[in-house]
Amino acid sequence: MSSQSIRMGMLSFAHQHAVSYAQNLQRLPGVEIVGLWNEDAAKGQEYAQRFGMEFYADPNALLDQELDGVIICSANTHHRRDVDLAAGRVRGILCEKPISTNMADGQAIIDRCRDTGTQLQIAFPVRFHPVFAQLKALLDRGELGRILAVECTNHGSMPGSWFVQKELSGGGAVIDHTVHVIDLLRWFWGAEVTEIYAEIGESLRIRASGHRRRGHALLCAQQRRLRHAGHQLVASPSWLHGRRQDRGHRRTGCGLLTCRAST
Amino acid sequence: MTRIGVIGTGAIAQVHLDAWAQLPVELVGYYDVDQAAAERAVAKYGGQAFPTLDALLDAVDMVDICTPGTAHKGPVLAAAAAGKAIICEKPLARSLADCVEMVGACEAAGCRSIRPTWCASFPSLSGSKRRWTTALGDPGVIRTTRAGAFPGRAAVSPARTTATSHAAGVVLDVGIHDLDFQRWCCGEVTHVFTRGTTFTEDPRNDHALITLRFANGAIGHVQCAWALPSGIFRTRVELAGDEGIAEWDSLDVPSLLVQRRNDDDTGVETRGHSPWDTELQPYYAELAHFVDCFENGAPPRVTGHDGLMAVKLALAAIESMRTGAPVEIATFQEVTA
């Protein structure tokens, strides 16, 4: 690697998206993955071997390697801890969504990065999906006229592991899948949501994925309704898809069904 | 052969008549306040145009009421008094009080059935419902869409133009199908919340989003719209339970798609989901079921009470849209104009 390359580290592989990030970092020219840290050392070493990078048992040891940036893929409630650790020691942080599971942690992460001059980006890859980029451009050109209503879904299968532990995930599909959809809608119109109405289902057992942890407060389905700067919006994320869908891309549909151009 | 009379011969009646013409019944004739419309039906489907409603009732066993939603009550009460079996287009009526009166009159008269026409007979929906009850496990979320353009010819109907009325707009006209379907799948609704454009300056672009909570814990979502460009009509259903998910979308490409010029060369007739036998066509299936109920005593799949409850859910959804607050079904009171 030349001295010009960007030196990246990966803080935790708890979120499975870390695998995608590692694969894609390796495809990017001028990027060097220095190493990874993971809470579970055995799994961390497996990932290190798989991607040909070094495993660090201590995140500080990894952060001491003069990194340019880190990607944080720890469990949702650990994001603040890991941002606190890395901010000021790297130039940029890409943090897996959701930024946090409460507003205080989210604001603390933003403040910490601002105070240390660290570039912070939250992982919302849907914005980079060519279909949604095209949709955004189409909206910006006003091709659909005045938008009356939007209905969105984000279905996936229940991921299991820490995602169904409320103290780590913050609350099931509601928080995990809503954020993608909300982010798209805020991005489309640059407007903030003013009102939310939600119905949340807590009792579904997701037998298809082998999990029957009834003791957990699973929030597996929701219906969310927003009043968005005069638009009527619905986002309906869930973990109700079977495992089959999990192999491919998650379905993220955004149907603009009121596409009558104003005259 | 069972004798059928059709009351009202407008746009939806044409769809019914196409199906009646294929069924083993005697299509006796029509009554329409517009005599010329009834005569046009005679020319196309045979039978006779009756000068009065009573004259038609004297000549038939069953009536199919296809008048506008605001004009169902008179023919239903008259047919009930005459002891006829009744199938009535949706919505049963625009007011809950009228629905109660109509269903009560039919029960008092011992009518064989009063059935609001409905989409239970659509293969996509009945198939989804079947899978729900057999393979999807406990219901989680049910989402349906029914969206098309503003109904041009029917725009004269007060239900469609009086946007400030408490019982106006796309929910009662279009969303009622989905409210009924979802109630069929998930049982009774506890509360409803709606956002939409019914009470705006642009009621022709009416678009409503309805959220339902069912007593069994399931969550329902209905999207209904008149805001699509003319020529597009889309329906969609998605049922998710804890064992799996079933989806159907009218935009999906069917396994076999047949598009041919229609008989009078005015447009394209599209058929998909081969083999689409006549028996699978929803209006045909619905009317055939109605005849079967009448002739063989089969229990009707959709009762007058179902029709009444669909109106109640629609009115509650509209009330929620008007007030901006959720509406409890158990305590919902109709707002009278």
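Check the entry above for the structure.
In what follows, the accompanying structure is described. (Residues numbered from 1 in each chain as written. Chains lettered and ligands numbered in written order. Predicted model: local features only at pLDDT ≥ 70, side-chain atom pairs only at ≥ 80, totals over all residues.)

**Regarding the sheet that holds strand E5 (residues 92–96) of chain A**
All names here are of chain A.
- Within the open sheet, the six strands sit side by side as E3-E2-E1-E4-E5-E6. Their pairing is parallel. Every other strand in the sheet has two partners, leaving strand E3 (54–56) and strand E6 (119–123) as the edge strands with one partner each. Between one strand axis and the next, the sheet turns by 25 degrees as a mean value, whatever way the strands run.
- Sheet topology note: the strand E1 (residues 6–11)/strand E2 (residues 31–37) ladder contains six bridges and is parallel. Looking at E2, one finds that Ile-6 is bridged to Val-31. (Pairing = 2+ DSSP bridges. Helix = DSSP H or I, 4+ residues; strand = E, 2+ residues; numbered from the N terminus. Axes fitted to C-alpha atoms, helices over the stretch in contact; angles between N-to-C directions.)

**Some thoughts on helix H9 (residues 282–296) of chain B**
- Over its 15 residues, H9 of chain B runs 20 Å from end to end, which matches the ideal 21 Å to within 8%, given 1.5 Å per residue.
- Inspection of H9 of chain B places Tyr-284, Ala-285, Glu-286, Leu-287, Ala-288, Phe-290, Val-291 and Phe-294 of chain B among the buried residues, and these make up the whole buried set. (Expected span 1.5 Å × (residues − 1). Buried ≥ 20, exposed ≤ 12 C-beta atoms within 10 Å, placed from the backbone.)

**Some details on the sheet that holds strand E9 (residues 207–214) of chain B**
Residues and elements named next belong to chain B.
- Pairing within the open sheet is mixed, and its seven strands lie in the order E12-E11-E7-E10-E9-E8-E15. One side of each edge strand has no neighbouring strand; the edge strands of this open sheet are strand E12 (244–249) and strand E15 (327–328).
- Sitting on the sheet, helix H10 (residues 304–323) touches strand E8 (189–196), E9 and E15, and the angle it makes with E8 is about 50 degrees. (Contact = placed C-beta atoms within 7 Å.)

**With respect to the environment of Val-291 of chain B**
Residue and element names in this part refer to chain B.
- Here Val-291 is to be found in helix H9.
- Along the sequence, Val-291 and Arg-3 sit 288 residues apart, while their C-alpha atoms lie 9.9 Å from each other.
- Apart from residues lying up to four places away in sequence, Val-291 is in contact with Thr-2, Leu-23 and Val-25.

**Some words on the nonpolar core**
- Judged by nonpolar contacts, the single largest core of 97 residues is most densely connected at Ile-86, Val-171, Val-192, Val-311, Leu-313, Ala-314 and Ala-317 of chain B.
- Examining the composition of this core, we find that eleven residues originate from one element, H10 of chain B, more than from any other.
- Val-192 of chain B has contacts with Ile-210, Thr-211, Leu-212, Leu-313, Ala-316, Ala-317, Ser-320, Pro-326, Val-327 and Ile-329 of chain B, leaving out every residue within four places of it along the chain.
- Counting residues in each nonpolar core, the second largest holds 33 residues, with Tyr-21, Tyr-56, Val-90 and Ile-109 of chain A among its members. (Core = buried A, V, L, I, M, F, W, Y, C linked by C-beta atoms within 7 Å.)

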